[in-house]
Structure formats: structure tokens, C-alpha cells
Amino acid sequence: MNSYTRFPAMFEYFIPEIFIPIDNPFPMYTALTTRGSTDTNQERPIFDGRFYIPNFENLYRDSQKDWFKKDLKWSIENLRYIRLFLKHLTLYLTAHAVKNQIKEIQWCISYPPNFSRRDKYEYAQMWQNITDELQNQTGIKHLSPNINDNQYLRSENLALAQYFAEFEQYDLVNTTCIDIGNTVSNISIWQNNQLIHQCSLNFGKRDLFSQFITTNPTILTKFDPNFKQSDWKNLPEDVFYQKLDVWLRLESANWLETKRDRFVEDKDFQGLIRLMAISVSGLYFYIGQILSALHKEGKYTFNEITPVYIGGIGSRLLHWLAEGGEFSHNSEINSLLSSIISEGSGFPNTEELTRISKNPQEEVACGLVLKDKKLDGLGIKEKDPIIAGEDCIIGQEQFGWQERLQLQAKSINRGDYQIPTLNQLKLFLDAFHVSLDQLGIDGIKPLERYELKEHLDDHEPDYNEKLWRATERELKNSLITIEGKVENIREEAPFIIGLKALLKVLGKEWAGK
């Protein structure tokens, strides 16, 4: 078979000879292809399913096929695809072990922080079954952890904190860790090496950055003259995000280093940076609210804000907000974020630093194999509901902004979920503008028509009133989709729901829509 035929065939039916990008192919794209499988009752690695290595020219075409499986989240519908993905992955790694004359493999496994005990048990059992079968087939000894193995089976939050504590040598005396993924941000609050709170927010890189590009894709032509609008026009949203993720991975580091400074006076670019700054600052304001609520509960005993360590794919976004395209402890955005977390918590601004990972997306894998520092997670039976961040009403139950969403109801009907006022969100946006002014920040511009009120009881200025009216409408449009059994509804902080509504409105305004 000649190379012209072999190369596309390897992409479509097997493992390609070359991973893209060649110099840094990992982490892998988490997707599966079942192309060529003829029996859904079988789960043979490679034949019935194998991990998908994207040929980026064909990504849009492939993503429309029924044999293309992405977003392999833990659910009953995805279990077969998750098993096939893991079967191929473990077989592939076992083959490398044999090649290097390794006779025993100890598996270290992480799981999402929002896993229930049942999810955790079923996940560990899945790994056990897959590796037992592989051991019988290959003769290589596989050691897979059970549910009670706290050394080799850890939550992603614990592994991330372990990475920062050991690999980067940062303390966890009073610390916030954030793992920003494509669609989710995992937050963990630490005190004296003890996890005291964790939450998973449906608020990731796509909310912090990608959604704005989707709203105004023409800005891409400013970033890169090689962009063809015809290649991006009318793409389904998820495919647009995938193509944008590819560009960010392959080109953004070079763009930030060599081209960002050309656009600092460009109005559209300034608008994008402002939107990103508001997004990240909103996340920090909510972290401040968490600290305030935990202090009120007696779980967080410090009267001060925390330093913040950020990992994951979204940690790179802070480079976009920094002068010169390189985030550091001297960056203006670092000062802004410390001020915002102070405003959200009510604690003094002690100018705590945000530090970003030296190894984005590799932190959890690294943290899983580190064990010199003992970190303690939450107890198995310890409940840790999400903190509201904004006053809300759900059915007959009312929650204050510092309270946890401990719902007694078993289900939510359409219209039951209400956020009557956006007081905390308004406080945040005021704090954002006050901080820009007081800190003398030049690289991030305020909203041009936004006005601060002299007194809380003053009437809203015209632009502010229109902005909040549009945000409330967007918010209601989002809230009416929340219905069904409580156990099937993703837990979300009302403040974050409101923040996402505000960002949609501001994004449309920036794009002229």
C-alpha cells in the first residue's frame, strides 16, 4: 500500500503513523471512532472502537458521522463507548510496556470531583474488568485500584493540588486551585493541606473565550490573514469550537509572542480582552463569595483571601490578558484578580498572586504519581452542596447568596427556578470598574457607557438599565430550561448562571448584534 493510500486509511481505520501536532501530540483528543464495527454487542478494542486521532482537514466531515463519538462524559448512554476507549488505550499502553520489557503496570486513575460514590465504584470496577481481561490476554500483570485505594484512585481536584504542592512546590496553607477545562471549571479550596470545599462549574474555556469568537468570527481575519471566512461560516457551534481549539493549540503561543502587541490599540481586540477579563474576574468574584460563605460556616478560619493556582487548558487564557502575551506575577491582570476576589469575599486585599501551571493539561496525570505530601480530601459521607452566590427561589424554597443549594424537592417544574434580582452580579460589575480605575490598569478598558452610581439607591443610568434589562431577559431564557428530576439536573451556582447571561449580552453588543 503506497503512502498516499496508507496515510488516510491509518487515520480512519487504525492509528496514524504521525500524531498531530508532531512535537507535542498529547493530551489526546478525547473521542472515539466505531467506524467499521458491524456488531454493537461486541466490544473488541480497535475492531469495534478505537480512539480517534483527528486529521484536522476532515474533522468537520467526520464529526457529522454516526461512528464519531465525542464528549465521552460518564453516563449510561456512553458506557459502551467509554469501555471501548479505555480498552484501546490500555492495550496501546500495554504494547509499549512489552516493547520496553516491562512486566507489571500499576494504574493510577483520576475521576471527576462530582462523581457520586456509586459512580466512583462503577468506574473503578470498569477499570478492574478491563485490566483483568488484558492481563489474561497478554501475560502482563496489571494492578488496578479499587474504590478504597486512596493512593492510586484520586479525584481530579486532589491530583491537581498534589501537582501544585509537590511538582511546583506551592503551599496549600490557604489556597484556591482551579482546573479550567473546555466546558467545566473545577474549584477546590484548601486549608492546611485539607480540602474544605470543591465544586464543578459549567463554566470553562468556551465561556471565557470561545463563545465570543463564535459571536464575532470576523475577528479571526485580524489575527491571521490566512483565515478564510468561508471555512468557518455556518459551521455548527460544536464544530466551530473544535476548529478554534485546534488553532489555539497550534498557533496561539506564537501569535501571542509575535503579533499580540500589534493589536493593543485595535478596538475589536480591546473589546475581546475586556470580555475575557470580565469573564475571569466573575469567576474570581464567585471564589471570593465561596470564601465568605465557608468563613461564615466556620470551615475557612482565615480572615484573608487566598492565592490561586490555575491549571488545565484554560490556564493559557491568562496570557491573552497579559501585556506582551506572557502572564506573570507583575501582570496587571494579576493585581485585578486579587482585588476582585477581595471584593467578593469582603476580606482585605492582601495582593495575593495567581500562578498558572507550567504544564497545562498535564497536572492531574503528574499529581496522580506524586505522594510525598499527604493531602486530605473530603470524607465519603461529607455533603458539600454548591454555594449559591446570588439570592434565588426554587419552587417553594428560598436561598440567600451565601447559602448552599440543599434542595428538599425531588423535581423542578418549568418556571420554578427564579433569580429575582442580580444584586451580587451588579456589585461584581461595579467592583470590576472600580478596580480598573483604582489600580490604574491600562491594558483592560472599561465598558464605554457603563456608569457607577454615587449611591446605591440612585436610579440606574440609561446604559446600565438597558444592560441589566437585557441580561435579565437572557437569564429568564436560560432558567426556563431547568426542569425535571433534581438528580438529573446539573448543579449550578445561580451567580454563575447570571454571569453567563451577562456575558452573552455583552458578547452580542461587542459583535454589533
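The rules behind the values
- Residues numbered from 1 in each chain as written.
- Predicted model: local features only at pLDDT ≥ 70, side-chain atom pairs only at ≥ 80, totals over all residues.
- Heavy atoms only, no water.
- Axes fitted to C-alpha atoms, helices over the stretch in contact; angles between N-to-C directions.
- Helix = DSSP H or I, 4+ residues; strand = E, 2+ residues; numbered from the N terminus.
- Parallel < 35°, antiparallel > 145°, perpendicular 65-115°, else oblique.
- Left-handed = near helix turned anticlockwise from the far one by under 90°.
- Contact = heavy atoms within 4.5 Å.
- Buried < 20%, exposed > 50% of the residue type's maximum accessible area, 1.4 Å probe, protein only.
- Salt bridge = Lys/Arg side-chain N within 4 Å of Asp/Glu carboxyl O.
- Pairing = 2+ DSSP bridges.

Participant: I would appreciate a short explanation of the packing of helix H15 (residues 462-479) against helix H16 (residues 494-510) in the present structure.
Facilitator: Axis angle and axis distance: for two packed helices, these are the angle between their axes and the distance between the axes, and together they describe the pair. Packing of H15 against H16 brings their axes to within 8 Å, and their N-to-C directions diverge by 120°. Relative to H16, the element H15 is oriented oblique. Note on packing geometry: the crossing formed by H15 with H16 is right-handed. Here H15 contributes Tyr 463, Leu 467, Trp 468, Ala 470, Thr 471, Glu 474, Leu 475, Ser 478 and Leu 479 to the contact with H16, which in turn contributes Ile 497, Gly 498, Ala 501, Leu 502, Lys 504, Val 505, Leu 506, Lys 508 and Glu 509.

Participant: Whenever I open this one, helix H6 (residues 205-215) confuses me. Can you help?
Facilitator: Given 3.6 residues to a turn, an α-helix orients residues that are three or four positions apart in the same direction. Burial of H6 is extensive: 10 of the 11 residues sit out of reach of the surface. All of the buried residues in H6 are Lys 205, Arg 206, Asp 207, Leu 208, Phe 209, Ser 210, Gln 211, Phe 212, Ile 213 and Thr 215. On its buried side, H6 packs onto strand E8 (174-180), helix H7 (219-223), helix H9 (237-258), helix H10 (267-297), helix H11 (317-321) and H16.

Participant: So what exactly am I meant to see when it comes to the pattern of salt bridges here?
Facilitator: Any two side chains of opposite charge can pair, given that their charged atoms come close. Applying the stated criterion across every chain, the model contains 14 salt bridges. Residue Asp 245 pairs with Lys 205 through a salt bridge whose shortest N-O separation is 2.5 Å. Placement of the pair is Asp 245 in helix H9 and Lys 205 in helix H6, with a sequence separation of 40 residues. For Asp 245, a relative accessible area of 16% translates into the label buried. Where Lys 267 meets Glu 448, a salt bridge forms, and the shortest distance between an N and an O atom there is 3.9 Å. With Lys 267 in helix H10 and Glu 448 in the loop between helix H14 (423-438) and H15, the pair connects residues that are 181 residues apart, well separated along the chain. Like Lys 267, the residue Glu 448 is exposed in the burial classification. Taken together, the shared-partner salt bridges in this structure form one network comprising Glu 43, Arg 83, Lys 87 and Glu 133.

Participant: I keep staring at the sheet that holds strand E14 (residues 397-399) and nothing clicks. Help me out?
Facilitator: Within the open sheet, the three strands sit side by side as E14-E13-E16. Their pairing is antiparallel. Both outer strands of the open sheet, E14 and strand E16 (417-418), are each paired with one neighbouring strand and no more. The pairing of strand E13 (residues 392-394) with E14 spans three bridges and is antiparallel. In the sheet register, Cys 392 faces E14, and the bridge partner there is Phe 399.

Participant: Can you walk me through the sheet that holds strand E11 (residues 308-311) in this structure?
Facilitator: The pairing of strands in a sheet happens through backbone hydrogen bonds and is either parallel or antiparallel. Taken in spatial order, the five strands line up as E10-E9-E8-E11-E12 in an open sheet, and their pairing is mixed. In this open sheet, the two edge strands, each paired with only one partner strand, are strand E10 (194-201) and strand E12 (354-356). Ignoring which end each strand starts from, the neighbouring axes of this sheet average 20° apart. As defined by bridge partners, E8 adjoins strand E9 (residues 185-191) across seven bridges and the pair is classed as antiparallel. Residue pairing for E9: Cys 177 is matched across the bridge by Ser 188.

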